[in-house]
Amino acid sequence: MKQKKICMLGAFAVGKTSLVARYVQGRYSEKYLTTVGVKIDRKDVTVDGETTRLVIWDIQGEDDEQAIKPSYIDSAHACLLVVDGTRPETLAVARRLKSWAEAHLGEIPMVMLLNKSDLTSDWRLRDEDLQGPNRPGCRVIQSSAKTGDGVDDAFAVLVEKLVEAR
Amino acid sequence: MTPDGTQQKPRKRGAKSPAKGTSDLDLLRQILVGTNHLEVREVRDRVIDPERRAKDVGEVLARAIVIRSKEDGQLAAAMRPTIEATLSDSVRRNPQAIVDVIFPIIGPAIRKAISQSMASMVGSINRTVESAFTFRGLKWRIQAWRTGKSYGEIALSHNLVYRVEQMFLIHRKSGLLIQQLTNTGEDAEEPEVVSAMLTAIRDFVHDSFDVEEGSGLDTFRVGDLNLLIEQGSGAILAAVVRGIPPPQLRPKLVEAVETIHADYQVPLAGFEGDPSEFAGVEAVLEECLLEQRKEKKERTVSSFLFWTLVFGGIIALISWWVVATTRAAERRDSWNAYLEALRDEPGIVVTWASDSDGALHARGLRDPMAREPITLLEGIELPENEIALTFDPYHASHEPFVLERITKALRPLPTITLTLEDGTLRVAGRAPHRWIEAARRTAPIAVGVETLDLSAVVGDGRLDAIIDLRKAVEAAVWMAPAEADFDAKAAELLGSMKALTSGSEDAGLLARLRVVYAGDGTDTLARRLFDYLKRRGQPVTGAFPASEDAAAEPASIRVVCELRPVPAGGDSDK
Ligand SMILES: Nc1nc2c(ncn2[C@@H]2O[C@H](COP(=O)(O)OP(=O)(O)OP(=O)(O)O)[C@@H](O)[C@H]2O)c(=O)[nH]1
Ligand SMILES: [Mg+2]
């Protein structure tokens with residue numbers, strides 16, 4: 001079976017671990033346990049009759065990309081960039097992480113998630129943060145690890161791109 | 001030898017040139033640059049002439065291969081597709097050659113594989129049964145239940161000094177699992193996660209403690225599990241060992257990593273998550289699955305029980321085998337009897353027969369006039385559906401077959417008799433002149449006829465006329481004739497028929513005409529023709545059947561003529 005390495009990148013506490021838990025186990029917890037180093041999960045997806053095993057690297061949240069060990073993202077086939085919609089500064093972190101990852105990996109499929117979309121009253125990202133000159137240069141999807149909104153979609157988009165790239 | 005050769009030749013030429021009076025230009029060149037330009041020309045010739053270039057390369061080819069193979073595995077990698085393609089092509093075209101080559105080794109290989117798996121099976125049954133029935137076994141069972149581990153694990157921990165339980169081959173950069181192997185009979189849990197985690201931990205340790213490049217975490221321990229890691233440039237090999245790893249394990253891992261890097265250099269470099277490119281790597285990992293058991297101290301009572309079971313099993317197996325082989329022998333006898341019958345049958349030649357693996361199959365040749373091969377099964381105890389027969393048509397040279405074929409081809413009148421004996425076709429009786437001509441032409445080229453004897457045949461012109469009439473009558477196919485034409489056409493046909501009837505009577509033959517109708521019976525014109533002929537006293541027989549496929553075809557009516565000898569003493573039929 002083919003395997004693909006997917007990395008979760010983003011500032012701390014944006015919900016990377018929660019998103020993976022939602023996608024892989026279908027579970028969600030309010031409790032915040034920060035990730036140290038990296039945590040790995042896997043999930044099989046079938047597209048057009050062919051099953052691919054996703055090996056998901058949930059990397060510890062880091063505001064400074066220099067602090068991340070490059071070996072964690074080595075040879076990754078795709079990346080999910082996670083932003084916390086209630087904290088606009090995490091968008092800037094995601095942008096930096098994106099160009100850092102691209103410098104290491106070249107052009108690979110990436111999707112940006114604006115997470116915690118269930119927290120509408122605290123939502124502080126404005127549309128213009130992502131438009132015009134601020135366009136992030138990849139697909140952007142709103143998501144919530146709590147309700148599950150957009151989570152499967154985001155991974156599906158990545159898998160589709162991976163299958164296409166083959 | 002090459003440098004010598006290149007220098008010698010031009011010198012020789014240079015020495016000869018004045019005597020032969022070579023061109024002045026050459027001489028001038030020689031004075032100016034010595035013999036150098038000739039050397040240059042020589043070298044140029046070597047490079048330009050493909051024949052010489054090939055010869056030069058040929059001289060160093062073997063050495064070049066040796067040198068390059070020593071350096072790295074690229075040569076093998078480059079040649080592999082070609083060799084594989086050649087091999088598969090060769091197998092397709094001429095499988096026999098390959099069969100001949102591997103035949104001597106295939107038997108021993110199968111024997112070895114069987115005896116090995118038998119040995120390991122007996123061994124594992126032995127151990128499990130042994131401990132399952134003892135007090136010790138009971139104790140372990142309780143221990144397993146208390147600790148929540150599997151019984152096998154507990155039993156092993158008491159039985160083993162060490163055992164390599166799992167091997168992971170991991171792509172170094174991505175941490176993706178290439179291959180994984182367990183020795184415990186159970187599948188490992190989430191090996192992909194383990195392998196990725198292992199690489200992550202390794203990288204973490206490596207980066208955190210700032211050790212020099214190439215070194216890093218190579219052993220770690222969790223309870224009584226030890227993890228040995230061996231790293232190559234493209235892949236990491238990890239061995240999970242229960243108990244204390246033996247000293248010989250590390251060199252084994254080193255060797256395995258080297259082998260893998262040499263054999264799979266290309267797939268390693270371009271690994272994109274598809275482990276299928278690493279076919280055969282399991283065998284390399286398997287080499288590392290070492291284990292050692294503790295010496296057995298006590299012989300348990302239960303081994304008696306075990307051996308009783310084993311012997312019981314063996315006896316059952318033997319009796320089953322005896323019954324099976326007897327049945328197979330009976331079947332083979334029937335098959336041979338059937339083959340014998342086939343071989344005895346004229347017009348059937350068996351060229352190949354096989355009963356391997358119980359599949360009965362025969363191939364050969366069969367004259368279309370010979371009996372159906374399957375009908376020869378009569379009296380032989382073999383179910384028809386278990387036999388596969390493939391017969392290609394051929395022309396048998398048995399005289400009855402030859403005669404039948406010739407008779408079909410020559411279509412002799414009943415006034416003629418044909419006999420065939422020792423290759424001589426004898427024709428006797430009265431025959432149309434034209435027929436005799438045809439026989440003279442056709443018979444000698446028929447297979448099985450060597451000479452044609454026409455001494456006993458008499459030409460009869462009346463018979464020629466009859467044959468013409470027969471042709472005319474038979475050629476008249478009536479495809480729904482138009483109403484207006486009917487009378488004229490019917491009269492014409494009637495005339496030919498009458499002439500045929502009377503003409504054949506004169507010639508001592510009886511013409512029997514039959515009107516054959518094809519159609520659904522609603523075609524009144526055909527009906528009319530039939531009645532018309534009958535009313536005019538034609539000896540016609542015929543019917544209007546609604547034949548099976550009648551409706552599909554347009555209605556037609558035609559006349560078939562059969563010529564018979566006049567019966568010796570009675571009148572003809574109605
Ligand atoms: N309301 C809401 N809370 C979320 C959502 N996703 C994550 N959280 C919460 O945010 C907190 C951090 O989530 P994690 O998934 O641990 O964040 P992380 O990105 O893995 O954090 P680090 O591992 O420290 O980098 C937890 O308390 C989660 O319950 C979401 O979609 N909606
Ligand atoms: Mg986390």
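See the structure printed just above.
What follows is about the overall build of chain A. From N to C terminus, chain A includes 4 helices and 6 strands. Buried residues in chain A amount to 51% of all 166 residues. Long-range pairs, those at least 24 residues apart, make up 73% of the contacts in chain A with a sequence separation of at least 6.

Our focus in this paragraph is the pattern of salt bridges. Summed over all chains, the structure comprises 28 salt bridges over all chains. In this structure, A:Arg126 and A:Glu128 form a salt bridge, with 3.9 Å as the shortest nitrogen-oxygen distance. Note that B:Arg242 and B:Glu165 form a salt bridge whose closest N and O atoms lie 2.8 Å from each other. Of the two residues, B:Arg242 is situated in strand E5 (residues 235-243) and B:Glu165 in strand E1 (residues 160-171); the sequence distance between them amounts to 77 residues.

Before going further, it helps to examine the packing of aromatic side chains. Residues and elements named next belong to chain A. Tallying each qualifying case throughout the model produces 5 aromatic pairs over all chains. Ring centres of Tyr 23 and Phe 155 lie 3.8 Å apart, and the angle between their planes is 5°; on these two criteria the pair is classed as stacked. Placement of Tyr 23 in helix H1 (residues 16-24) and of Phe 155 in helix H4 (residues 151-165) is noted, with a sequence separation of 132 residues between them. Note on accessibility: Tyr 23 and Phe 155 belong to one class, buried.

In this section: the sheet that holds strand E8 (residues 360-366) of chain B. Remark on secondary structure: sheet strands pair via backbone hydrogen bonds, oriented parallel or antiparallel. Residues and elements named next belong to chain B. Reading across from one edge, E7-E8-E9 is the order of the 3 strands in this open sheet, with mixed pairing throughout. Taken across any chain shown, the strands that pair with only one partner, and hence form the sheet edges, are strand E7 (348-354) and strand E9 (387-393). Between one strand and the next, the sheet's axes are offset by a mean angle of 20°, whatever the strand orientation. Strand direction decides the pairing type here: E8 and E9, joined by 7 bridges, are parallel. Residue pairing across strands places Arg 363 opposite Thr 390, the latter belonging to E9.

A surface patch of like charges, here negative, comprises B:Glu255, B:Glu258, B:Glu282, B:Glu286 and B:Glu287. Summarising the element assignment, B:Glu258 is placed in helix H10 (residues 249-263).

On to the coordination of the magnesium ion (ligand 2). Residue and element names in this part refer to chain A. Only Thr 17 (OG1) and Thr 35 (OG1) from the protein coordinate the magnesium ion (ligand 2), and they sit 1.8 to 2.0 Å from it. Pair noted here: Thr 17 is in helix H1 and Thr 35 is in the loop between H1 and strand E2 (38-47), with a separation of 18 residues, a long-range link. Of the residues examined, Thr 35 reaches a relative accessible area of 17% and is grouped as buried.

Before going further, it helps to examine the site of ligand 1. All names here are of chain A. Taken together, 24 residues lie near ligand 1, and Thr 17, Ser 18, Tyr 32, Thr 34 and Ala 145 sit nearest. Within the contact set of ligand 1, an oxygen atom lies 2.8 Å away from a backbone nitrogen or oxygen of Glu 30. In this structure, Lys 146 approaches ligand 1 through a main-chain N or O atom, which is 3.4 Å from an oxygen atom. Across the complex, the protein chains shield 94% of the 640 Å² of accessible surface that ligand 1 would expose by itself. With 3 residues, the top contributor of residues to the shell around ligand 1 is H1. Within the shell around ligand 1, the residues separate by chemical class into 8 nonpolar, 10 polar and 6 charged.

Parameters at a glance
- Residues numbered from 1 in each chain as written.
- Chains lettered and ligands numbered in written order.
- Predicted model: local features only at pLDDT ≥ 70, side-chain atom pairs only at ≥ 80, totals over all residues.
- Heavy atoms only, no water.
- Helix = DSSP H or I, 4+ residues; strand = E, 2+ residues; numbered from the N terminus.
- Buried < 20%, exposed > 50% of the residue type's maximum accessible area, 1.4 Å probe, protein only.
- Contact = heavy atoms within 4.5 Å.
- Salt bridge = Lys/Arg side-chain N within 4 Å of Asp/Glu carboxyl O.
- Phe/Tyr/Trp six-rings, centres within 6.5 Å; stacked < 30°, edge-to-face > 60°.
- Pairing = 2+ DSSP bridges.
- Axes fitted to C-alpha atoms, helices over the stretch in contact; angles between N-to-C directions.
- Patch = residues over 30% accessible without salt bridge, like charges linked within 9 Å, V, L, I, M, F, W, Y side chains within 5 Å.
- Areas by Shrake-Rupley, 256 points an atom, 1.4 Å probe, with all protein chains shown as cover.
- Lys, Arg positive; Asp, Glu negative; His and termini not counted.
- Charge placed at Lys NZ, Arg CZ, Asp CG, Glu CD.
- Donors = N, O, S within 2.8 Å, 3.2 Å for Na, K, Ca; no water.
- Near = heavy atom within 4 Å.
- Polar contact = N/O pair within 3.5 Å; in protein donor to acceptor, adjacent residues only side chain to side chain.
- Nonpolar A, V, L, I, M, F, W, Y, C, P; charged D, E, K, R; others polar.

Honestly, it's all geometry; don't read function into it.
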